[in-house]
Every structure is written in C-alpha cells, then in structure tokens.
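# Residue-level structure breakdown
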Amino acid sequence: MQSRSPVPGAGALRARVFGAGPTGSLAALALVRSGWQVELCDPQPAQALLARSRAYALTHSSAELLEALELWQPLQPYLAPFRRLELCDRALHRQVPFQVADLPGRSDRADADAVGWILQHQPLMELLLQAAERHPAIQLSLGDAKTSSDVDPVDLEVAADGHGSPRRRAAGVRHWRRPYRQGCLTVQVRLRGSAVDQAWELFRPEGPFAVLPLGGDAFQLVWSAPLPRLQQLEALEPAAFLDALSAALPEALQADVLLDQPRAFPVALECAWPLGRRGLVLVGEAAHRSHPVGGQGLNLCWRDVATLQRLAAQVKSCRLPLRHLPARYARDRCLDVGLVLLATDALVRFFSNRSPLLLPLRAVAMTLLARSAWLRRFSLSAMSDGPCRLRWP
Ligand SMILES: Cc1cc2nc3c(=O)[nH]c(=O)nc-3n(C[C@H](O)[C@H](O)[C@H](O)COP(=O)(O)OP(=O)(O)OC[C@H]3O[C@@H](n4cnc5c(N)ncnc54)[C@H](O)[C@@H]3O)c2cc1C
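Residues numbered from 1 in each chain as written. Predicted model: local features only at pLDDT ≥ 70, side-chain atom pairs only at ≥ 80, totals over all residues. Heavy atoms only, no water.

Take the site of the ligand next. Within the structure, the ligand sits among 24 residues, and Asp42, Gln44, Arg52, Arg54 and Ala55 are positioned closest to it. Measuring from an oxygen atom of the ligand, one finds a side-chain N or O atom of Asp42 at 2.7 Å. Between the ligand and Gln220, the relevant distance is 3.1 Å, taken from an oxygen atom to a side-chain nitrogen or oxygen of the residue. Out of a free accessible area of 1,000 Å², the ligand has 82% covered by protein chains. Secondary-structure elements contributing two or more residues to the shell around the ligand are helix H1 (22–33), strand S2 (37–42), strand S3 (55–58) and strand S15 (263–273). Considering only residue class, the shell around the ligand consists of ten nonpolar, eight polar and six charged. (Near = heavy atom within 4 Å. Polar contact = N/O pair within 3.5 Å; in protein donor to acceptor, adjacent residues only side chain to side chain. Areas by Shrake-Rupley, 256 points an atom, 1.4 Å probe, with all protein chains shown as cover. Helix = DSSP H or I, 4+ residues; strand = E, 2+ residues; numbered from the N terminus. Nonpolar A, V, L, I, M, F, W, Y, C, P; charged D, E, K, R; others polar.)

Glancing now at the sheet that holds strand S7 (residues 116–120). The pairing of strands in a sheet happens through backbone hydrogen bonds and is either parallel or antiparallel. The strand order across the open sheet built from three strands is S3-S7-S4, with neighbouring strands paired in antiparallel fashion. Whereas interior strands pair on both sides, the edge strands pair on one side only; in this sheet they are S3 and strand S4 (79–82). Each neighbouring strand pair of the sheet contributes to a mean axis angle of 25°, computed without reference to strand direction. Bridge count between S4 and S7: four bridges; the pairing is antiparallel. Across the sheet, Ala80 pairs through a bridge with Ile118, a residue of S7. (Pairing = 2+ DSSP bridges. Axes fitted to C-alpha atoms, helices over the stretch in contact; angles between N-to-C directions.)

Now for the pattern of salt bridges. A side chain with one charge may pair with a side chain of the opposite charge, provided their charged atoms come close. Tallied over the entire structure, the rule returns 23 salt bridges. Arg16 is the salt-bridge partner of Glu39, the closest N and O atoms lying 3.1 Å from each other. With Glu39 in strand S2 and Arg16 in strand S1 (residues 14–18), the pair connects residues that are 23 residues apart, well separated along the chain. The residue Glu157 makes a salt bridge to Arg167 at a minimum N-O spacing of 2.6 Å. Taken as a pair, Glu157 in strand S9 (residues 156–159) and Arg167 in helix H6 (residues 166–170) lie far apart in primary sequence, ten residues in all. Using a relative accessible area of 14% as the deciding quantity, one classes Arg167 as buried. Each of Arg16, Glu39, Glu157 and Arg167 takes part in salt bridges that share partners, so that together they form one network. (Salt bridge = Lys/Arg side-chain N within 4 Å of Asp/Glu carboxyl O. Buried < 20%, exposed > 50% of the residue type's maximum accessible area, 1.4 Å probe, protein only.)

Interpretation note: all reported values are geometric properties and have no functional meaning in isolation.
As structure tokens, then:
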C-alpha cells in the first residue's frame, strides 16, 4: 500500500490521524463517513501493521459501529461467534454460564444471536487498510516517520498512536499509569473439550484466563499471571508449554497443539486527561488502557471512535462549532472510560486471590449470578453495550 493524495474539497474539514492500528484506521473511516478529509499516517509499513498475531473479542457495541460503517458484512467470513460464555471461579469451583438469552433486546440485527465474536487481527487490518486506501478522501501515509512539526496544520488532530503515544506526549497531555504485577500471555492452540461457539473466562488466583473460540478446534488463550512466570512459560519448548497449560486449564479442556508462538507482555492501567483539547483528541490506547479481563480493551477504543464520528458529523453540519469538538469529546467519553477502567480493575482485584475475606463474597456473587437472570442480563449488557448504554433487562 502506497501513499496517495486526497481530492481536496473547497472548505473541507481536514483531520490528521496519527496511528493506523485498529483504532486509528477505523477512526479515519468514521471521519470520512462524517464528510471530513483525512490523512492517516503511521511510521510502520502496511506489512508490519498486518503482522501481529492476536485476536480480539468484539462486543455488540463494536458490531454496531462496524455495521454503521458498512464493514460488518465484509468481516462475516472471519468472525467466530460465541453463543455461550462460561464464567468460572477456579478457587471456588463454581461456574455460571452466560447465554444469548442473557442479552436483552437484540432483534435489531439478523445475526445478533451471539454473546460476542472473535476476530483475528490480520483480516481486520487488511479490510481497514484496503478500505482506507480505496477511499478518495483518505490520504494514507504508511512507513513514513512523519512528526507533528513537519506537516501542515489541520482542523483536528487525532492521536491514535498507541499507549506510548508520541503525539500525546508532544502535546503535554497529562497521563496516569499504574502497571499490574500481572502480565498477559497470548497464544493460539488446538483444544479439545469446548464447543466451537463457547468462550471461557476462568478466574484463577494468579489471574484471569480467557479461552476464546477462533472457529473449529482453534482457540486463542489470554493467560494472566505474574509477568516473570509468563516470561518463563514463553521460553519453554512447545511440549513443556503444553504441560504447563494442562495444569492451568480445567480438566475438561485439553490443549493438543500450539498454533503460534506464546507471547508475554506487561499490562497496565493507564488514562490520559483531558481526552481532548486545543484541536487534538485522544482515541484508543493513546487515551486509555485496561487489563485484558473481560475483553473490553478494543471495544472501549472503538466506542471512542463512535463518539468522535458523531461529533465530527455535528461539526460538518454546523450543529457544533469546530473549536468545541475536543472538549465535548473529552466530556462525552469520560464516564464510559472511567467506569470500564474501574470495573476491569475491580474484577482483577476481587478474583485474583484466595483471600479468606473475599472468598465468601465471591461465593455470594457467583450464587446471585447463577440464580438471577436479571443480574446476568445487567452485567452482560454492561460488558457488551458499555456501561453508559445499558439496555435495561
Ligand atoms: C503484545 C500485545 C498483544 C496483545 N494481544 C491482544 C489480544 O490477543 N487480544 C486483544 O483483544 N488485545 C490484545 N492487545 C491489546 C490490543 O492490541 C489493543 O487494545 C489495540 O491494539 C489498541 O489499538 P490502538 O489502535 O489504539 O493502538 P495500537 O494497536 O497500539 O496502534 C497504535 C499505532 O500507532 C502507531 N504509531 C506509533 N507512533 C506513532 C507516531 N509518532 N505517529 C503515527 N503513528 C504512530 C504504531 O505504529 C501503531 O500502528 C495486545 C497488546 C499488545 C501490546
């Protein structure tokens, strides 16, 4: 994919998006949908942007945005829906299943009979970058180490340049970071013992462990534990790694073959403040970063994009002055971002232990979840639609 010039329109609103990861690419497509001209730049070439081996758990809030941007249908062949999510407290040996029936009011989409979907990074990025390359209002500039000081001024800058965000740092935006002692290891495996449309969130004393279906007997594992332990696991030979995996999984699940190289990485709770000011907005991991428990990260990033698109459309139709967009964006995003960061942090603290004080509380919580359809619907809607767009059961 090569750089290309856009067709400039007289009086067009122009945005520059820094970072062509999953958030920045989607933000560029959302902005042109609102009638803006966009420059999308990333120092990495397309090949490197596509090369990551990871899979994302998509919720209904992401599905709605992709559908609005006409990207949902093209992604269909690559989506692995899961219709059941098994929540297990491994210290208590208790288990609560969440099912499609626990998601209220989904008749608005024909393919809504899923709790969520798993999507691999590569087909997602191929689609986003091809759509960006084809769009006449997007100038794609990949593999070019451009900085904010050597480019023309635009109406709006969008920092989507990841958790280290050079653009955020250059703008002097405050940023708070607290590393977790837990890290996260991702690996894809062939697995026996789980249905093809079943996902698992296992709460283990060393950290949460997600088992996500990729289609057939392939699964993505997201294993949280103290980082030094994960780094030891990452260095093991495949046979030794599979042995360690067997000890971590419930007896019903058996991993047979590794499909990629296990990769451990640090995890942190991060948030920038304010999320927008003086011609700049922060989206995705440039704005916030959470623990991977519950698969909230990318969905929260894409709800930033949905808000940005709504406000950009208001500016385009003269219903919102351009100069007010960053502050309005910061205001509109703070509750969703704050609640998700707090909720994921609370989940990790509550479940990653064998504390004799917390075990009885967890037993009560699991019993209530198992018995109350209302509570299951409430918690699943909060996870899937976002805590600020709850569909009340
Ligand atoms: C090792 C690792 C594994 C992960 N595995 C999973 C997983 O299995 N499942 C899951 O759901 N999530 C996973 N995540 C989290 C997930 O990748 C993020 O939620 C997601 O990538 C956030 O997207 P983003 O576009 O905001 O940021 P990023 O994907 O980080 O994209 C930021 C982009 O900005 C670019 N950039 C950097 N500097 C500049 C600059 N100066 N100018 C312009 N562009 C710049 C970078 O090249 C990059 O392309 C993982 C994260 C890491 C680090």
